[in-house]
Amino acid sequence: MNSSKKPIFFAITLVVVGLMISVNASTVPKTENLDNVRTINWNLEERSLTSERISVSKPVKMQTSSMGKLSADPLYSGEFPALDSSGQIIILGFENYDEENVYFSFSANGGTTWDEGAYGWILEAMPEKPSIAYSSGNTFYGVVVPNWEVSGQVTLAEFIDGSDPDTWQAGTWDWEDNGIYGFDGASMASAEPNDPLKWGYITLSGYNGYDGRDANGCPFTKYSTGDGYATISWLISGQTGEVLEDCSNPANDLDPITKLNYGVWQRFNSDEGFYNIELRVDDFEYDIEARDSFVTAGELVTPENNQNPDVSAYNDNVIIVSQTDDAGNNDIICYYSDDGMDNFGASYVASTVDDETNPKIVAIDENEAICIFSKDGDLYISATQDGGATWSTPEIASEVENVQSGDVCSIGIAYDSEQIVYFSKSGIAQPIIEIESISGGIGVSATIKNIGDATAENFDWSIKSDGLVFIGGEKSGKATLEPGQSIQVKTGFMLGFGGIDITVTADIAKETASARLLLFLVVGL
């Protein structure tokens with residue numbers, strides 16, 4: 001990493017009371033200047049302020065029913081879709097201007113069929129720009145921000161069970177009275193927390209007028225700091241005290257292995273006359289009472305003009321994709337790192353005489369990721385198997401014309417055309433691990449199945465029983481499953497007495513159950 005004189009920045013926080021893909025990769029030739037990629041690091045610190053939470057009622061059903069069930073058919077009346085998935089459950093969010101709201105729906109079978117209903121919350125300010133993130137088990141989180149310029153509301157949607165709308169709830173924080181409002185975008189990232197009060201990270205950009213400041217396009221990061229508390233944090237210069245500004249198009253991803261959250265924004269550099277990529281890293285295993293999760297921040301300095309960035313992360317392998325016009329037309333460029341952004345390489349995902357725009361990316365595992373982008377009214381898809389160094393030849397993924405926007409998860413893509421939302425499976429083979437059942441008897445047993453269409457190789461599984469267990473409370477191992485294959489894993493002999501709480505994990509799948517242990521016999525499952 002190259003740096004000379006390092007500017008020093010600070011993070012100011014505001015606390016509010018509230019709530020394996022399988023492809024043949026082909027290398028796109030690099031240009032010489034792609035090797036000139038470096039970061040400038042800044043030091044930051046946090047401060048806080050409190051305010052009151054706004055309660056949100058239960059979600060209401062959209063009056064417009066779903067329009068179709070299959071991938072090539074229209075699903076819902078709406079646009080600007082967002083989605084994420086866990087195993088076979090997919091949560092989809094989208095805007096609907098007829099009813100002036102954002103709605104959410106789900107598929108419980110990998111996008112083959114969808115719920116006929118879509119559900120949204122009645123908020124003071126009309127919401128827009130949904131973002132969805134998978135957490136753990138069947139739990140997802142989402143975020144929406146208002147389209148009112150002077151509103152400072154940020155609403156967190158909690159899908160406790162993604163396949164059961166009766167468990168969905170939401171809460172709103174409002175920073176308008178503190179001079180923070182006008183959010184022009186938001187991104188949600190989550191992972192399995194080490195504290196039940198944590199829900200992940202929200203990255204935003206908007207106006208910062210707190211305590212006499214006057215900064216447009218300030219990059220914000222918001223996260224939980226207790227039961228009903230949230231901290232919103234931003235960057236200021238340690239040298240001048242000025243708030244960082246001119247940022248937009250926020251995106252983030254939370255590495256499920258290292259638990260580091262990577263936030264990115266495009267930032268206009270007035271001295272150079274083009275956009276760089278703003279970076280921020282936070283640690284999801286922070287002390288929730290200390291209200292400080294910040295690790296570092298910086299700016300990705302490249303010879304390119306970078307806009308509409310997106311990021312994915314898995315086990316320190318970080319991939320940032322963006323839209324660049326360095327060649328005179330828009331191409332999709334990739335900046336990749338295998339050491340948590342200490343060092344970067346660069347490659348092209350797509351570089352033709354046509355305009356390629358609006359990339360989105362999702363990590364599948366440590367080295368594999370899927371990227372989608374728009375070109376000539378179609379949505380294209382490409383994949384990498386080596387952490388971003390090379391990419392497969394892009395192929396059309398959408399099934400209608402005049403696509404306006406899209407999003408991607410590990411299972412498929414959602415996109416809109418003529419204010420109608422569609423879903424298509426990615427067409428890229430990948431494993432999907434599911435925990436089919438948990439049973440008792442002599443110890444605890446679990447059936448694990450690969451319901452995907454690619455081999456799940458050497459994944460971790462574990463069974464843990466909490467309670468009065470003297471022997472055999474934990475068992476773990478590794479397994480490999482071909483598509484459609486299942487395996488039964490067991491703890492073996494257990495000894496104890498009384499109620500036990502059982503947690504079974506396999507790859508990223510997780511299921512819990514309660515039972516009773518009567519000496520060596522597990523009953524009640």
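Our structure is the block above this text.
Residues numbered from 1 in each chain as written. Predicted model: local features only at pLDDT ≥ 70, side-chain atom pairs only at ≥ 80, totals over all residues. Heavy atoms only, no water.

1. Some remarks on the overall build of the protein chain
Our working rule: In DSSP terms, a helix is any run of H or I states spanning at least four residues, a strand is any run of E spanning at least two, and both are numbered starting from the N terminus. Partly exposed residues are those whose accessible area sits between 20% and 50% of the maximum for their type, while under 20% is buried and over 50% is exposed, using a 1.4 Å probe and protein chains only. Each accessible area is a Shrake-Rupley result for a 1.4 Å probe, and residues are judged covered by the shown protein chains and nothing else.
For the protein chain, the helix and strand inventory stands at zero helices and 41 strands. A total of 525 residues make up the protein chain; the buried ones form 57% of that total. Summing over all exposed atoms, the protein chain offers an accessible surface of approximately 20,600 Å²; the carbon and sulfur share of this is 43%.

2. Remarks on the sheet that holds strand β25 (residues 345–350)
Note the threshold: We treat two strands as partners when DSSP finds at least two bridges between them. To get an axis, a line is fitted to the C-alpha atoms, and for a helix only the part in contact is used. The angle between two axes follows their N-to-C directions and goes from 0 to 180 degrees.
Strand order across the open sheet formed by four strands is β22-β23-β24-β25, with antiparallel pairing between neighbours. The sheet terminates laterally at β22 (306–314) and β25, the two strands that pair on one side only. Here the strands of the sheet are splayed against their neighbours by 25° on average, with no regard to which way each runs. Across seven bridges, the pairing between β22 and strand β23 (residues 317–324) is antiparallel. Across the sheet, residue D310 finds its bridge partner in β23, namely V321.

3. Quick look at the pairing of strand β18 (residues 247–254)
Burial analysis of β18 places six of its eight residues in the buried class, which makes it a mostly covered element. Two elements, β18 and strand β19 (residues 260–269), share six bridges in a ladder whose sense is antiparallel. The partner of D253 across the bridge, within β19, is Y262. Here β18 folds back onto β19 in antiparallel fashion, the turn holding five residues, of which K259 has a positive phi close to 60°.

4. Side note on the pairing of strand β20 (residues 274–283)
Most of β20 sits inside the fold, with seven of its ten residues counted as buried. Both β19 and β20 contribute to a ladder of ten bridges, which runs antiparallel. Directly across from L260, in β20, lies its bridge partner D283. The turn linking β19 back onto β20 is made up of four residues, and G273 within it adopts a positive phi angle of 80°. Here β20 pairs with strand β21 (residues 294–301) via six bridges, running antiparallel. The residue bridging R280 from the neighbouring strand is A297, located in β21.

5. Regarding the side chain of S445
Which entries qualify depends on this criterion: Pairs of residues are marked as contacts when any of their non-hydrogen atoms sit within 4.5 Å.
Along the chain, the position of S445 falls in strand β35 (residues 445–450). Judged by relative accessible area, which is 8%, S445 ranks as buried. Here S445 is in contact with S437, I438, S439, Q488, V489 and K490, once residues within four sequence places are set aside.

6. Topic: the environment of S322
Test applied: Under this definition, polar contacts are N or O atom pairs within 3.5 Å; protein pairs additionally need one hydrogen-donor-capable and one acceptor-capable atom, and for neighbouring residues in sequence, both atoms have to be side-chain atoms.
Counting through the fold element by element, S322 comes out in strand β23. With a relative accessible area of 0%, S322 lands in the buried category. Each C-alpha atom, one on S322 and one on Q307, is 5.7 Å from the other, the two residues being 15 residues apart in sequence. Ignoring sequence-local partners within four residues, the contact set of S322 consists of I277, N306, Q307, N308, P309, D331, I332, I333, Y335 and P359. A distance of 2.5 Å separates the side chain of S322 from the side chain of N306, its partner in a polar contact.

7. Observations concerning a nonpolar patch on the surface
Stated precisely, the cut-off is as follows: In this analysis, a patch consists of residues with relative accessible area above 30% that form no salt bridge, clustered at 9 Å for like charges and at 5 Å for the nonpolar side chains Val, Leu, Ile, Met, Phe, Trp and Tyr. Just to be clear on terms, a salt bridge is a Lys or Arg side-chain nitrogen sitting within 4 Å of an Asp or Glu carboxyl oxygen.
A grouping of I442, L468, F470, I471, F493, F497, L518, L519, F520 and L521 is seen on the molecular surface, where their side chains present a nonpolar patch of about 980 Å² in accessible area. Only β36 (456–471) and β40 (509–519) provide two or more residues apiece to the nonpolar patch. Among the elements that make up the nonpolar patch, the one with the highest residue count is β36 (three residues). Within the secondary structure layout, L519 lies in strand β40.

8. Notes on the environment of N402
Within the secondary structure, N402 sits in the loop between β29 (395–396) and β30 (403–408). Judged by its relative accessible area of 41%, N402 falls in the partly exposed class. Linking N402 and G377, residues 25 residues apart in sequence, is a C-alpha distance of 4.3 Å. Dropping the residues within four chain positions of it, N402 is found in contact with G377, D416, S417 and E418.

9. Here's the deal with the packing of aromatic side chains
Let me state the cut-off plainly: Ring geometry is summarised as follows: Phe, Tyr and Trp rings, the Trp one being its six-membered ring, pair when their centres sit within 6.5 Å, and such pairs are stacked at plane angles under 30 degrees, edge-to-face over 60 and tilted between the two.
Applying the stated rule across the entire model yields 20 aromatic pairs. Seen from their ring centres, Y201 and Y223 are 5.6 Å apart, and the 55° between their planes marks the pair as tilted. Of this pair, Y201 sits in strand β15 (residues 201–208) while Y223 sits in strand β16 (residues 215–224), and the two are 22 residues apart along the sequence. Note on Y201: relative accessible area 0%, which makes it buried. Considering the side-chain rings of F268 and Y275, the 5.2 Å spacing of their centres and the 65° angle between planes classify their relative orientation as edge-to-face. For F268, a relative accessible area of 32% corresponds to the partly exposed category.

10. Some details on the pattern of salt bridges
According to the stated counting rule, one finds seven salt bridges in the structure shown. We note a salt bridge from D282 to R280, for which the minimum N-O separation is 2.8 Å. Residue D282 is classed as buried on the basis of its relative accessible area of 0%.

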